[in-house]
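Summary of structural features
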Amino acid sequence: GGVFLVAVNGADSAINYNGTAWATTPAITGVASSDLIDVSSHKSRLWFVEKDSSRAWYLAVDAIGGAANDLDLGSVWRMGGKLKAIVPLSNDSGAGPDDYLAFISNHGEVAMYAGTDPAASADWALVGVFHVGTPIGDRSAIQVGGDAALITDQGIISLLKAMQLDRSAQAQAAISDRIAPLFAYYAQANRMRFGWQAVSYPGGNYALFNVPLASGLSVQLVMNVLTGAWCRFTGQHARCWGVFNTDLYFGGATAVYKADTGRSDAGAAIAGDVKTAFNYFGDRAGLKSFLMLRPAF
């Protein structure tokens, strides 16, 4: 009983946080927990990604330890490859009987399953396999309501939209279409760098996508989830992001920072650039000469 945060990183053994302290490392059998690089929850069951493998591992319902069983996706994906992410999907933006579980390969193939118990053929079925762009980074998928966003070489893709389209038309499923040239530039120059990540921040009504740059620097591409408008954050050189108790945090090179708080940038002034809408003053093509100007703030 109890509530736990489960953490894995592919190097150290899995560890749990019980709300007040880091609890004892859970005993997971069947696979070395130090080989697990990602964890997801689906219908009261924990699922793990094994690094450099096509296998997903799952525990018993409501368990945080014990025997782990594997589901090998290698024969399901047409192009083979290794498992990159596991993410739940829902058509109704909530937990229900129509929820799916998506397994995403490093080649961009998505295997979609429905059901609750992978050990029971009557309660576990492959819904379909479809292809999206190649995922970028180890933390490329994020749940957004009932949908999931995936950072790929073709943009940031909505999985629910992508599964309904041919790959040649999947640009229509890209939520990053408004910044397509900028995203393409970042992806081409930095796709092999560590630090790509997507995070949803309800407190700010935005989705944030971390882009690692050279020499430990990074920027964030940020979408307002209410309007679809985009902006770019600079000066937050993050390696990873997380939301805890509705607050946003990021890990830097030497410290953890709380973002979106206070009136200074770690003690320094906050700098920002704004480009407002243009005004053609009733004549789009005419040359104008202004002799007096009054700014209004």
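For the structure itself, look to the data block above.
Each value, and the rule that gives it
Residues numbered from 1 in each chain as written. Predicted model: local features only at pLDDT ≥ 70, side-chain atom pairs only at ≥ 80, totals over all residues. Heavy atoms only, no water. Pairing = 2+ DSSP bridges. Helix = DSSP H or I, 4+ residues; strand = E, 2+ residues; numbered from the N terminus. Axes fitted to C-alpha atoms, helices over the stretch in contact; angles between N-to-C directions. Phe/Tyr/Trp six-rings, centres within 6.5 Å; stacked < 30°, edge-to-face > 60°. Buried < 20%, exposed > 50% of the residue type's maximum accessible area, 1.4 Å probe, protein only. Lys NZ or Arg CZ within 6 Å of the ring centre and 35° of its normal. Contact = heavy atoms within 4.5 Å. Arc of directions from axis to C-beta.

1. A word on the sheet that holds strand 5 (residues 45–50)
Across the sheet, which stays open at both edges, the 4 strands sit in the order 4-5-6-8 with antiparallel pairing between neighbours. At either end of the open sheet lies a strand with only one pairing partner, and these are strand 4 (36–42) and strand 8 (69–72). Neighbour-to-neighbour, the strand axes of the sheet open up by a mean angle of 30°, direction not taken into account. Sheet analysis places strand 5 next to strand 6 (residues 55–58), joined by 3 bridges and oriented antiparallel. For Val49, the partnering residue across the bridge sits in strand 6 and is Ala56.

2. As for the packing of aromatic side chains
What the rule picks out here adds up to 14 aromatic pairs. Ring geometry for Tyr206 against Phe233: centres 5.7 Å apart, planes inclined by 90°, an arrangement best described as edge-to-face. With a gap of 27 residues between them, Tyr206 in strand 17 (residues 206–212) and Phe233 in strand 19 (residues 230–233) connect regions that are remote in the sequence. What makes Tyr206 buried here is its relative accessible area of 12%. Of the aromatic side chains, those joined through ring pairs into one cluster are Trp47, Tyr58, Phe103, Tyr113 and Trp124. Over the ring of Tyr280 we find Arg284, and its NZ or CZ is 4.4 Å from the ring centre.

3. Considerations on the side chain of Ser176
Along the chain, Ser176 turns up in the loop between helix 1 (159–162) and helix 2 (180–190). What makes Ser176 buried here is its relative accessible area of 2%. When sequence neighbours within four positions are dropped, the list of residues in contact with Ser176 reads Gly155, Ile156 and Trp230.

4. A word on helix 2
Side chains three or four residues apart in an α-helix point the same way, a direct result of the helix having 3.6 residues per turn. The complete set of buried residues in helix 2 reads Phe183, Tyr186, Ala187 and Asn190. Down the axis of helix 2, the buried set is contained in an arc of 95°. They therefore lie on one face. For helix 2, exposure combined with an orientation more than 90 degrees from the buried face picks out Pro181, Tyr185 and Gln188.

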